[in-house]
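So you can see what is in the structure, the chains are spelled out below.
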Amino acid sequence: MISCFQFFLHTFSRFPPNQTHFPRVITETFFQKLLLLLFILLITATLCDPAFLNATEEPQDTNQEAPDKQLKPQQALSLISAYTWTNSLPKELIDLQNDVEATGNLTTFEKELPEISKRIETLEWEAVALKSNSNLTYHDLTLFETRLVKIKAELDKLIEPIGAHIQNLEKWYKAWLEKEKQLNMLTAQIASDPDLQDMFSAGESLAETIRTAKNLIEEQIKPNLLAGQQVGESLTRVYILSDTVADLIRDMKKSGSQQTSPPMLSPDFYKNIKSRLFLDGWQNIRLFLTYQGDYLKQNLGITLLCTFFIFCLALAIFYSRQLTKPSAKWYPFTAKPLASALFIVGSGFTIVNSLGININLPPDLVTLLYFPVVIAVIFLTDIVCKISWQAGLLKQLLIFLGVTLLIAVFSLPQMLSYLIAFYLSMALFCYYMVLFVRRIVSRSQQAITWAILLWAVFPLSVIVAGIAGFDQFAIVIFSRVLSLVGITLIIWLMVQMTAGLFELLLTIVPIRIIQQNAAVIASQITPVIIVVHVLLWLTLFLNILWIYPTLNAAFKAITSLQFSLFSINITPGSILAFVFIIYSSFLVSQGVSAFLKQEVLPRYRVEPGAQISITRLVHYAILTLGFIFLLSVLGFGLNQITIIGGALGVGIGFGLQAIVTNFVSGLILLFERPIKVGDVIEIDTDMGEVKELGLRATTVQTFDNAEIVIPNSQLITNSVTNWTLAERKIRVKVPVGVAYGSDISTVLKILLDCAEANASVLSTPKPTALFLAFGTSSLDFELRCWIADFNDKLIVLSELNQDIESEFSLAGIEIPFPQTDLHLRSVDRELLSQLSGAKSNA
């Protein structure tokens, strides 16, 4: 600072004397004093600044709490506050006891954690067995990983309330500790002043209350910390098991791409096949059936209840046939009620199990319950696949999928599983080849023929892998492809059944408008159903291809995808939210508009044009609310929305002025309603009926069936003739001219009689016949009458003209031609003689 001052002083003191009126000595002294004064003021302001004073303090501990949570500097209590504590602290102690009892109950923890620990110990023993199992399959690892995920979810559920309670205890303990410090400072102050000792005698009672509160909190902290430690240890064991399973899965994937056995057609391969292999397989089947049979006997009541539920559901599906039309999506399922009931129960169980909900069933039994779903899909394949040959091929693959499920749950030896997969693929390939050759010979449809050959690639790949000695790879192809085909068919059946059930529910809802539009509403909801099931299919697809071991992991991987676009983080959840909100806004808008148009507005006899205006306004209002809600869901705050609105305003001011003008004019037309749909308007030389009122332009259909699109701003700023604004009644004018010498009274009577005789002419107001003027070649009359509808104007005018002409002919009244008299006042004599000669010759 001093060096800077010297620099400025030296700079200002170098001014040459000839550039100022003051002497050099006076100038240097003046600037020195001025800079010295400024420097002193600067130093004083800096030292007095609170920010500078805070900056000169010792640095605080970074491990302390946030500034808003730090304790204020310790200050002794005043006597008034201390006396207030004598009443408030006992009540706060009682509240603390109630809070501790409400949130510190570890009964659930003490009941569930030992059971979870036993399950973890069982899994640890199973993990040791899996490492030494030569017959290990990916199905076994998947079941093991699924059980680990469920246990981890249960542990997370246990540790969440414990962590929250520990935080509350810590906060309460700090608060009571602060009160103890303040009370100690007050006690020390009273002890130093003898005059205050007689004024305050409740210090010991308050100290005892604070000690009781602290002891209560300390008693609760220890068991909660111990419980949290126990849950943490259990989670550590689960993570170790997850790593073990991940290593086994990684090794199995690596071995799947390697040659792990002799070629299938070599003698070395069949040397390994011994009778013991089949005995072990049969023993595994017997053990499985015995164990599952005992389990079902122990839970016979639940088994019978589920069977009865499936039977009742099948009856309900059968009788729902009477409520549906043959064209409805639900109708084909009513023809196969038992298969549909099995599919509903089985797919519902699959979804519940996929969500990680603990069902407390043996893992192999859970897998076996998928078998009825496959059987049901075999019978329901004809519903989603209308072509017979395609349905037949899908049914064959589903049968093989059922066999694969049985092999998995029976835990057959790996060599035996490989033999079954290989020879089933051989049989399937031979069948496809025979079918292909037959169609070639019979010259059937080429597309179907080559499709069958494409289907044959699947069993051929299994055969080639087996011949090459890649038995693990062959089993993977066989099981994964069949699973993908089965899952795809099951998901599509779920889409069809869900849409059909939704349509069925709409038809039985006691609301007439919903019943009438059930098929339309169901077709509009179907895209949402498809998107949900596509997400489920992607989750299953990633799990089947071994990319993720469990469905939960696959679902988290899909939903956690994230990429940035213009510094905006985009996730699948945000994309789905965007699409869902936009689509829902349109659906709600269409539903509310249809309800207003069909139920509410006709009941109050609102005009058709007004109905369209009201429904259009409701449509735009709902879309606007949906857009605002979308912005809030995507994380845009009010300030950001304001910025977006400002940017749009600038853009509108520069480039979209005409569009906004038409938009605002459209709103004015909807609110003011000077023009409605169905009105007959005339603008410039065009006349026609308004067909559509849009926010940007209005469509007018002329009487020549041409459609004119008129910008709304022209309808607001220009002069427009609306022939049917208030009512459709209009006056018809029929001008008539008769020859001079005609009876005027007779003409007037004929005109009135013709108007009264026409059925379209209104009696009120009465028709009027007027004698208007003496024309150049006729007496000019006009018939004026009223009709009910503007559209009948030309027809009535034509009828009146015909009747008037007929009546004039009968009465002998002449309608003259236009006449012109030529008077010659001066003519050349030669021309006059020529005209006279021509007349004499004639």
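Structure: above.
Here the structure is a predicted model, which is why all the values come from computation and not from measurement. (Residues numbered from 1 in each chain as written. Predicted model: local features only at pLDDT ≥ 70, side-chain atom pairs only at ≥ 80, totals over all residues. Heavy atoms only, no water.)

In this section: helix α16 (residues 388–410). The first and last C-alpha atoms of α16 sit 33 Å apart over 23 residues, in line with the 33 Å expected at 1.5 Å per residue. One or two positions beyond α16, positive phi appears at S411, with a value near 55 degrees. (Helix = DSSP H or I, 4+ residues; strand = E, 2+ residues; numbered from the N terminus. Expected span 1.5 Å × (residues − 1).)

Here the focus is a nonpolar patch on the surface. There is a patch of nonpolar side chains on the surface, built from L265, Y270, Y423 and I467 and spanning about 400 Å² of accessible area. Note on placement: L265 falls in the loop between α8 (203–256) and α9 (267–271). (Patch = residues over 30% accessible without salt bridge, like charges linked within 9 Å, V, L, I, M, F, W, Y side chains within 5 Å. Areas by Shrake-Rupley, 256 points an atom, 1.4 Å probe, with all protein chains shown as cover. Salt bridge = Lys/Arg side-chain N within 4 Å of Asp/Glu carboxyl O.)

Another point: the sheet that holds strand β8 (residues 730–738). Pairing within the open sheet is antiparallel, and its 3 strands lie in the order β8-β10-β9. Single-partner strands in this sheet number two, and they are β8 and β9 (768–774). Taken pair by pair, the neighbouring strands of this sheet meet at an average axis angle of 25 degrees, ignoring direction. With 9 bridges joining them, β8 and strand β10 (residues 779–787) adopt antiparallel strand pairing. Counterpart to V734 in the pairing with β10 is L783. (Pairing = 2+ DSSP bridges. Axes fitted to C-alpha atoms, helices over the stretch in contact; angles between N-to-C directions.)

Scanning the entire structure with this criterion turns up 7 aromatic pairs. Ring centres of F318 and Y319 lie 5.4 Å apart, and the angle between their planes is 80 degrees; on these two criteria the pair is classed as edge-to-face. The exposure class assigned to F318 is partly exposed, which follows from its relative accessible area of 44%. Pairing F771 with F781 gives two aromatic rings, centres 4.7 Å apart and planes at 20 degrees, and the pair type is stacked. Here F781 lies in strand β10 and F771 lies in strand β9, a separation of 10 residues in the sequence. With relative accessibility at 29%, the residue F771 sits in the partly exposed group. Classification of F781 by relative accessible area gives buried; the value is 2%. Put simply, the rings of F771, F774 and F781 pair up and form one aromatic cluster. Between K729 and the ring centre of W786, over which it is positioned, the NZ or CZ distance is 5.7 Å. (Phe/Tyr/Trp six-rings, centres within 6.5 Å; stacked < 30°, edge-to-face > 60°. Buried < 20%, exposed > 50% of the residue type's maximum accessible area, 1.4 Å probe, protein only. Lys NZ or Arg CZ within 6 Å of the ring centre and 35° of its normal.)

Right, let's get into the packing of helix α19 (residues 457–467) against helix α20 (residues 471–508). At a closest axis distance of 7 Å, the pairing of α19 and α20 adopts a crossing angle of 165 degrees. Classified by the angle between their axes, α19 and α20 sit roughly antiparallel to one another. Note on packing geometry: the crossing formed by α19 with α20 is left-handed. Residue-level contacts link F458, S461, V462, A465 and G466 of α19 to D471, F473, A474, I477, F478, V481 and L482 of α20. Looking at the contact of α19 with α20 residue by residue, the class counts come to 9 nonpolar, 2 polar and 1 charged. (Parallel < 35°, antiparallel > 145°, perpendicular 65-115°, else oblique. Left-handed = near helix turned anticlockwise from the far one by under 90°. Contact = heavy atoms within 4.5 Å. Nonpolar A, V, L, I, M, F, W, Y, C, P; charged D, E, K, R; others polar.)

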